[in-house]
Structure formats: C-alpha cells, structure tokens
Amino acid sequence: MWSGFPLFPEQASTHAGRVDALYFFLIALTAFFSLLIGFMVIGFAIRYRRRSPDDRPPAIYGSLALELTWTIIPLGIVAVIFFWSADVYLSLNRVPKDAIEVHVVGKRWMWKVQHITGQREINELHVPVGVPVKLTLTSEDVIHSFFIPAFRVKKDALPARYTTAWFQATKPGRYHLFCAEYCGTRHSNMIGSIVVMEPAAFQAWLAGGGPGVSLASAGEKLFQDLACVTCHKADSGARGPALDGLFGRPVALADGGTVTADETYIRESIVAPSAKVVAGYQPIMPTFQGLVSEEQLLQLVAYVRSLKAKAPAAGAPPAPPVAAAPGARP
Amino acid sequence: MATHAAHAEHAHAPQAFIWKYVFSKDHKVIGIQYYVTAMLMALVAGLLAMLIRVQLAWPEKDYTWLGKIFPMGYDVGGGFGVMRPEFYAMLFTMHGTIMVFFVLSTAPVSGFGNLLIPLQVGARDMAFPFLNGLSYWTFLPGCLVILASFFVESGAAAGGWTSYPPLSALKGAVPGSGTGQTMWIIGMVFFIASFTMGGLNFVTTILNLRTKGLSMFRLPLTMWAMFLVAILGLLAFPALVAACIMLVFDRHYGTSFFIPAQIALNNVPLLTQAGTPLHQGGSPLLWQHLFWFLGHPEVYILMLPALGFTSDILSTFSRRPIFGYKSMVLAMCGIGFLSFIVWGHHMFVSGMSPYLGMAFAVGTILIAVPSAVKVFNWLATLYRSRIRFTTPMLWAMGVISLFISGGLSGVWLAQAGPDIHLHDTMFVAAHFHLIMAGAALFGVFGATAYWFPKMFGRLMSEPLGKVHFWFTFITYYGTFFPMHYIGIAGHMRRIYDPYQYEFLKPLQPINELITMSALILGASQIIFFVNFFWSAFKGKKAGENPWEANGLEWTTQSPPPHGNWPGEIPEVHRWPYEYSNPDAPRDHVMQHEPAGAAAGH
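Residues numbered from 1 in each chain as written. Chains lettered and ligands numbered in written order. Predicted model: local features only at pLDDT ≥ 70, side-chain atom pairs only at ≥ 80, totals over all residues. Heavy atoms only, no water.

Novice: Go over the overall build of chain A, please, and point to the residues and values.
Specialist: Secondary structure assignment for chain A yields six helices and 12 strands. Within chain A, the proportion of its 330 residues that are buried is 50%. In chain A, the proportion of contacts linking residues at least 24 apart, taken out of those at least 6 apart, comes to 67%. Summing over all exposed atoms, chain A offers an accessible surface of approximately 14600 Å²; the carbon and sulfur share of this is 64%. (Helix = DSSP H or I, 4+ residues; strand = E, 2+ residues; numbered from the N terminus. Buried < 20%, exposed > 50% of the residue type's maximum accessible area, 1.4 Å probe, protein only. Contact = heavy atoms within 4.5 Å. Areas by Shrake-Rupley, 256 points an atom, 1.4 Å probe, with all protein chains shown as cover.)

What follows is the structure in structure tokens.
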C-alpha cells in the first residue's frame, strides 16, 4: 500500500475529502504567489542590477492606488480561505446524532478503548464502515493527542477533561493511530491502529467475545458497589442530589452560579466533589480520587447519562443489549 | 562652545579594560556583548539540531563514536551505540529554547537594538546606561544556567520548548522534569528580566532621546521595528513570568495551577500520605494560554527587526526610497497589534469551542494582509531600481524569499480546518523554521554585514560573505522545504524514531536528504565565524559611510567613539531614504544635510 512515495496521504474518511479539497486550493494559491513573487524578485534582480556607478534610478516614493490594490486583493483572498476553512472546521465539530460512541483513555504509553456496549481494546479500535463514530477522549496522566492521518482527524486527550471528535470511515482496512502530542520518553512508541470493518463483520466482532455488560450497566454496578446509591436517591430528602434526568440540564450551584451537567462536570463531581456544590446541599461527599480509574469514571458517567427523568434508577440502560466480551483484553 | 561641552562630557570614557569592555555601560559594547553571546549560544543550539537530524535520518546506525562524546546520550552496551529517547527529547527541547530566546530574540533585538538605537536616533547612549549594562549581566547568568543544566544528573529539561504541564509540572514525568526543568525556569526568568530592562530602555530612548528634527515619521524602519518589539516584549513576557512562577509553585509547594485532580503518573495516583488528592482543580490548558499569549508576540519579536533591517538594506542598495514608508510603519503596527489576539491558533486541537477557534482564526489570517503589503512594497522598491549586489543585499533578498515561502504556509496553519491534520507535524516545523527562524537569522546575517563597520570599524569580506550566503540559502531550503511534504504525509514532530511507524518508512530517503542538507548548512556557518573574526581584526578599514547610506549612524566615525559623535550631535532635516533624488548633486542625501542640499521629502 505504501510502496514508494505516496503523493498524498490516503483518504479514508468523509472528512478527508473535504480537507484535501481545501489543501489543493491552498497548494494552487501558494504555488501561484510563490512563483509570481519569485519570478519578480529574480527578474528585478537581473534587469535592474547596477550597470554603471553613476546610474541613477527614478525616485518613486509610493502610490496610494497601488498600495490599496495590494491590500484589498489579499483581504478578499483571505476572506475566501477563512470561510471555506470555517466550513471544514465546523463540520468536524458537528457530531451526527446517530453516531456510535466510543470512549478512549490515553495513558503513557497506550490507548485504552471502551465501546458503549462494553467491549474493551488496547491500541486498537474496531469500527464499522459508513457509520459515524463519536470519540470521547481523556487522559490518565499527561496530554496526549489522538491522530489518524488517513481520516485527517486529531484531538488532544487532556487529563480531567473530556474532548470529543468524530469520523466516518469510508473504506474497510487498517489505519495508523498515533499520539501526536509529545507525552514523554516513549512518545514515539504510542502507536495503535483503527480497524474499519464491514458492518456485518463488525457485528460478528462485537459478538465474538461472549456475553458482557454495557458501559452503563457496568457503571450501575459501580454505583451500587461504591455506595453512591445511599445518598443519591430519587425518593427521600436525600443527602445528595438526585441524578435522574440530570444529564444535559443546567444545575444551580451553592455559590450562585450554574453549570450544565455534561460529562466533564459529572466526572469532576466524582473526583473533586467540593469543587462545584449543588445549591441546597452540604459539601459532605468524599472524593473518589484514586478509588476509581478513568475507565470506571467513564462507566459511571455513562450510567448517569442513562438515568431518565422520573424513571426509577434501575431503569433499563439505553445501550443495546448486545452480548459483549467480558474479558476484555487487559 | 556647545561642541566642547558635549565633547568634554563624554570624553571621560572609562579607561580600565574591565569597565570599558566587560562591565561597560556603553551601548555599543553591550550590543556586541549580546551579539557575540547569542552567536555562541547559536553554536550550541545548532549542534543539538545536528544530532536531532542525524537521529531522524539514520536511527538504526551504530553511534558508539557519538556515545564517547555524549556519554549521557547514547546506550553503548554490547558494542552498538543507540541514542536514548530521553536524550532526543532533551535535544529538541533545548534546541528550541536556546534558539528562540537566547539566539533569535537576543541577536537582532538586544544585539542590534543596543548597537543601533542611539546611533540612528542621534543620542549619546541609551536613556539608562546602567540599566542597560545590568540587563546584559542578567542575561548572561540566564545563558549559564541553561548551559549548566546539560550537566545535572538527569539532564536538561525535556518537556519541549513549550514546556506543557503536566509533563513539566510533575517531577517524575520525564528525566529532565526534575532539576533540568527547574533550571529551565530559572534561566527563563533571568532572560525575561533582562529583556524587560532592555525593552524599557528601547522605548524610552526612542521616544525621548531623538535628536533635533527627528520626528517619529523620519525614523528608519529598523527603529520602528525596535520600538514595536520592545512594546511587544514588555506586554507579553510578563504572562510567561507569571506562568513560570505558578509552575514553580506547582512543582515545589503543592499548588494546583496546572495540575488537575485524579491524575496519575506511571500508573500511580498522586495522593498525599493520608490518601487525599495531592492536586485539585488545576488545568494544563491554563499554561497553554499563558505560554502562547507570550509565544505568539514572541515570534514577531524575532521577525520585526529582520523586516526593519531588510527595508533599510533594500533601500540603500537599490538606491531607491523605500516604497510606501507610512504603510510599512502601519503594517508593522498592524502585525504587532494582531499578534496579541491570535494565540489560540496554537490550540485548535485542544478541544476549544469552535466559535472561539474561529475568532482566533480570523485574527490570524488578517496578518496575511499587512504582510502582503510589506512584500509588495519591497518589490515596488526594487522595481526600476539600480541594485548593488553586496552581501547585505543578498541577505535582505533572502529575507524576502523566506518571508513569502514561510508566510504562505502560515495561511494554511492559521485556519483550524486545514490545521487540524497538520498540527504537531513536520509541516509546522517547516513553517516556523522558514519564517520565524529563517527570516530572523537571515536578517541578523544581513545586519551583521551591513553594520559591521559600526561594530569594528572594518568591512566584512565580500567573497566569504557571498559564499556563506549561497551555501546557507540553498541548504536552508534543502533542509526545511521537504519538511512540508513529510508533514502532510503525517510525519509528526518530536518523534524519536520515525521508522517504528510502518507508513513513514518510505519517507526515510527524504529524511536522509534533509539531514545531509542540514549538515552542510551547519558546516557552512564556519565560513561566517571565520569571516567575522578575521574581518574584525584584519578586514578592510571602513570609512564613515562605506555604503553611501543616509542614516545618522553613517555620519560618525567607524567605529563611533564613546558618546557616538566626536562633536555635536547632528540635526536632522529629512527621512533616511532620500536616494536618487533628481535635484540633488549626489544620488543620496543624508539625514543631517541641510535643506539646501536637496529638495527634501
């Protein structure tokens, strides 16, 4: 596949084509101006070299019309580039509603992947072709960056924060996955691959490991095991706020502010509960820092997301009850 | 009478060697001290670059011989020498740090700024000579601390020149994150303190000590560049000092400015002995904002002096008034202003809101407009001129070339759409080496050849200078132009061994070509050092005005005496670009010549 020099990197996502079209435009534009100015410099250098010591050129101090010309024309060109690029950029930030979700944790020096249905992988990510895939990225330690050149997608994985990216693969195959942000001594060994499969093969791969638990169900079990449930109950005048239907809603805080209950907020409330206390509650929750791993945090977040308003906490999680591999590769 | 008074006041130059040449308060001596120190630092940083390039081209070769020179850098067990990855990280970290701050901010700004400001504005010295001397003697310890950090047990800093936390904040993150990183911070604080003292002097001198008749719009463009650079430095560097101090607190005193809760290092959660979190609530992105709030103006601190030198040199040797002087000034002011509102373009992939990202993208791409104005004005200056191809003129045309080739790739990186794929790849390395490093370096070489008479009273050798230019010009492009291509192909920066990646293996021949070019580029600089030291002692004596230029610095002896003018400071009657005026007897009318000498502008 990579015999000899590739003229351009492989395109294997819907986004790659959009980026490359812009690249070709920029290459043409860059080449045009480089050559234009290059020829002018060389031409002037030859034509206007000094031939005799007394030669005196005309004194020209400036020309408003000319200067306006070469202010306004570049302004127009950069406006075109800006709007075109903004379109490409926004499309990369608009995650399709029907995207399947994958959670990724970077750590030195590997990528740990959890599918919403519970399968886990390390340094590999299996996805179906033709289906949008949304990545939720975080890191256990330093900053990493999830980079798939063939998809033209790159996003930092930051500690204590969730970032998102998405792609839709267009060709089955195996593609390189790298860490693009320098993360320490063995940064260049942080290599993985994306395996893009036909949908049927992907379903078979999902079913391959035997029955398992979905991310939200795993989170629910943790919720019981860590005794979160003793305080976060829907019914009583509980010590902790109820979590049903919480996700995505604005939350009033004790200090008068409000925050939207997104993934990052829920994660922070588990590891640093005193950072943002909900109005009407005492800051009595202990921290779970060090007690739960980043993967378990993602499971808890998935569980909280799955809690619908006014439904009992034991309600069915939204994830499809597909049999999953329990013994994920370690 | 006034002549005598002025003369007497400045006749008392210190005579003892130590006060005249070491702890001097004379701006020319300080400028040369800065310049020479920066060039020696460039040798160190250049050597680091050579080691980086050798590793990227042939990581599989036996480096036992290099292991003998750098025992800390290579594993030589079993008779086969391999570079250690932590040594590679140290190389690119220290190459970037030294080049950006201790070479390319120092040589053009602190070096030529100090040398030229009093000479071009017509002052006896800088406004605060003692502060000026102090600034150099604050800079030098910074250099020494940075150099010493190579010799501490775990090696110099290895968190990248940007020193992103948590890598730089957690002492165990990489070997260099221990003592090496501490010394990096100390070195940077020394540097910034010295740069701030210099900046205060620059602004004060240019505003207050201009000679009679020298209005702001009669200043050479080099002076405008120095003025803007000093303002940029004074406004931007405090952000990095603040960040450095916060980093010290995070590293040593348990604060959490940059370190969030629930962070682990090497699989161990960071907890106190009681089991409570060691850190809580910090954000590593805060550092990125603070660093790039400095970092982006910083690249214009490197660039603007080179643009100023280029304008002055171009006008002198094409024997033409600079085309569109006022729009050149406005363009530089515009670039300086925009540089403060674009720092987020370094963080497009960090997960910032896309609307914020687009605001940064607008500001960034607007920089293309004043930059285009500058390029076309330079071209218009050359049009129908009479060019003298001296060494400084070649370097100035080299700056134009790099400003275009590096600037156009900036248009790619300015926008998040194309940048996301290119971010952290060799394309970025290609871009900034051409524009920021290359243009600044070529500007310094041009300025060295041009103002050498005002440093040492002699001219540099023209043949050696031209050979040096052509070798440097060709190999500079040979080194950095192919990096665009391997960057688009997905070759990342800061990777110790590219060929662990299956799809980068076909790119090895290109990396080999780049390295060979870089080695020739490095070796070519020997010509410069030979030329510099030979010419300083044995070069052809230069008269007052060897280039037939117009600025005030050309109205005094070469080198100028203590106090700059033996007699009274000349009065100014026009701008410094009065070349080829048809009504004048000569093809150039100097700034101090009385109005009768020509129809003034």
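That shown, we press on.
Novice: Could you give an account of the interface of chain A and chain B, with specific residues and numbers?
Specialist: Frequently, the measure chosen for interface size is the accessible area removed from exposure when the parts meet. Each partner contributes to the interface: chain A provides 91 residues, whereas chain B provides 115 residues. Buried surface at the junction of chain A and chain B, summed over both partners, amounts to about 8700 Å²; 67% is from carbon and sulfur atoms. Contact with chain B buries area across many residues of chain A, yet Y61, Y89 and Y182 of chain A alone supply 10% of it, more than any other trio. Along the contact surface separating chain A from chain B lie zero salt bridges. On the surface where chain A and chain B come into contact, there are 22 residue pairs in polar contact (both at pLDDT 80 or more). For the side of chain A that touches chain B, the secondary-structure elements that each account for two or more residues are helix 1 (14-47), helix 2 (64-93), strand 6 (144-148), strand 7 (153-157), strand 9 (173-179), helix 5 (263-271) and helix 6 (294-306) of chain A. Tallying contributions element by element places helix 2 of chain A first for the side of chain A that touches chain B, with 16 residues. (Buried area = accessible area lost by both parts, 1.4 Å probe. Salt bridge = Lys/Arg side-chain N within 4 Å of Asp/Glu carboxyl O. Polar contact = N/O pair within 3.5 Å; in protein donor to acceptor, adjacent residues only side chain to side chain.)

Novice: If you had to explain the packing of helix 10 (residues 284-318) of chain B against helix 13 (residues 368-382) of chain B to someone new, which residues and values would you point to?
Specialist: Residues and elements named next belong to chain B. In contact at an axis separation of 10 Å, helix 10 and helix 13 are set at 15° when each is read in the N-to-C sense. The angle between helix 10 and helix 13 falls in the class roughly parallel. As for how helix 10 packs across helix 13, the hand of that crossing is left-handed. Residue-level inspection shows L307, T310, S311, L314 and S318 of helix 10 in contact with helix 13, the latter providing K374, W378, T381 and L382. Taken together, the residues that form the contact of helix 10 with helix 13 break down as four nonpolar, four polar and one charged. (Axes fitted to C-alpha atoms, helices over the stretch in contact; angles between N-to-C directions. Parallel < 35°, antiparallel > 145°, perpendicular 65-115°, else oblique. Left-handed = near helix turned anticlockwise from the far one by under 90°. Nonpolar A, V, L, I, M, F, W, Y, C, P; charged D, E, K, R; others polar.)

Novice: Give a detailed account of the side chain of H484 of chain B, specifying residues and quantitative values.
Specialist: Residues and elements named next belong to chain B. With respect to the helices, strands and loops of the structure, H484 is situated in helix 17 (residues 462-488). The buried category is assigned to H484, whose relative accessible area is 10%. A distance of 3.0 Å separates a polar atom in the side chain of H484 from the backbone oxygen of F481. If near-sequence neighbours (up to four positions away) are discounted, H484 is found in contact with S409, F427, A430, H431 and L434.

Novice: Summarise the sheet that holds strand 1 (residues 100-107) of chain A; cite the residues concerned and give the values.
Specialist: Residue and element names in this part refer to chain A. The five strands lie next to each other as 3-2-1-5-8, forming an open sheet whose pairing is mixed. Strands with a single pairing partner mark the edges of an open sheet, and in this sheet they are strand 3 (120-122) and strand 8 (163-168). The average undirected angle you get between the axes of adjacent strands in this sheet is 25°. Direction of pairing for strand 1 relative to strand 2 (residues 110-115): antiparallel, over a ladder of six bridges. Paired with G106 across the strands is W111, a residue of strand 2. (Pairing = 2+ DSSP bridges.)

Novice: Talk me through the domain arrangement of chain A; I want residue IDs and the actual numbers.
Specialist: Residues and elements named next belong to chain A. One can read the domain layout of chain A as domain 1 (1-57 + 95-212) and domain 2 (215-306). Placing a centre on the C-alpha atoms of domain 1 and another on those of domain 2 gives a separation of 34 Å. Between domain 1 and domain 2, the residue contacts involve 17 residues of the former and 11 residues of the latter. Both faces considered, domain 1 and domain 2 share a buried interface measuring about 1300 Å² in area, 55% of it formed by carbon and sulfur atoms. Joining domain 1 to domain 2, the criterion identifies two salt bridges. There are six residue pairs in polar contact (both at pLDDT 80 or more) connecting domain 1 and domain 2. Looking at the side of domain 1 that touches domain 2, the elements that each hand over two or more residues are strand 1, strand 2 and strand 5 (132-139). (Domains from an automatic or database assignment.)

Novice: I'd like a rundown of the nonpolar core, residues and numbers included.
Specialist: When a protein is soluble and globular, its nonpolar side chains tend to lie buried together. F151 of chain A together with F112 of chain B are the most contacted members of the largest nonpolar core, which has 267 residues in total. Element by element, the count of residues in this core is highest for helix 16 (residues 426-456) of chain B, at 20 residues. What F112 of chain B contacts, discounting residues up to four positions off in sequence, is Y35, A107, I117, M226, F309, V444, A447, T448, W451 and M455 of chain B. Counting residues in each nonpolar core, the second largest holds 27 residues, with L253, V271 and V278 of chain A together with A261 of chain B among its members. (Core = buried A, V, L, I, M, F, W, Y, C linked by side-chain atoms within 4.5 Å.)

Novice: Give a detailed account of the pattern of salt bridges, specifying residues and quantitative values.
Specialist: With the rule as written, the count across this model stands at 18 salt bridges over all chains. In this structure, E268 of chain A and K276 of chain A form a salt bridge, with 2.7 Å as the shortest nitrogen-oxygen distance. Linking K212 of chain B and E571 of chain B is a salt bridge whose minimum nitrogen-to-oxygen distance equals 4.0 Å. One end of the pair, K212 of chain B, is in the loop between helix 8 (179-208) and helix 9 (221-252); the other, E571 of chain B, is in the segment after helix 18 (508-538), with 359 residues separating them in the sequence. On the basis of relative accessibility, which here comes to 35%, the residue E571 of chain B falls in the partly exposed class. Taken together, the salt bridges that share partners define one network made up of E101, E263 and R305 of chain A.

Novice: Describe the sheet that holds strand 4 (residues 124-128) of chain A, and please don't skip the residues or the numbers.
Specialist: Residue and element names in this part refer to chain A. With respect to topology, five strands assemble into an open sheet ordered 4-10-9-6-7, the strand pairing being mixed. With partners counted over all chains shown, the strands left at the sheet margins are strand 4 and strand 7, one partner each. For this sheet, the mean inter-axis angle between neighbouring strands, taken without regard to orientation, is 20°. In the sheet, strand 6 pairs with strand 7 via five bridges, with the strands oriented antiparallel.

Novice: I'd like a description of a positive patch on the surface, backed by residues and values.
Specialist: Positive charge collects at one region of the surface, where R47, R49 and R51 of chain A together with R384 of chain B lie side by side. Along the chain, R384 of chain B turns up in the loop between helix 13 and helix 14 (391-414). A residue is classified by how much of its surface remains accessible, and R384 of chain B, at 39% relative accessible area, is partly exposed. (Patch = residues over 30% accessible without salt bridge, like charges linked within 9 Å, V, L, I, M, F, W, Y side chains within 5 Å. Lys, Arg positive; Asp, Glu negative; His and termini not counted. Charge placed at Lys NZ, Arg CZ, Asp CG, Glu CD.)

Novice: Which residues make up the confidence of the model for chain A, and what values do they have?
Specialist: Any segment with low pLDDT has predicted coordinates that should not be analysed in fine detail. Summing up the model confidence of chain A, the mean pLDDT is 85 and the portion of residues at 70 or higher is 89%. Of the regions scoring below 50 in pLDDT, residues 311-330 of chain A engages in 44 contacts with residues more than four places distant in sequence or in other chains. (pLDDT = per-residue confidence, 0-100.)

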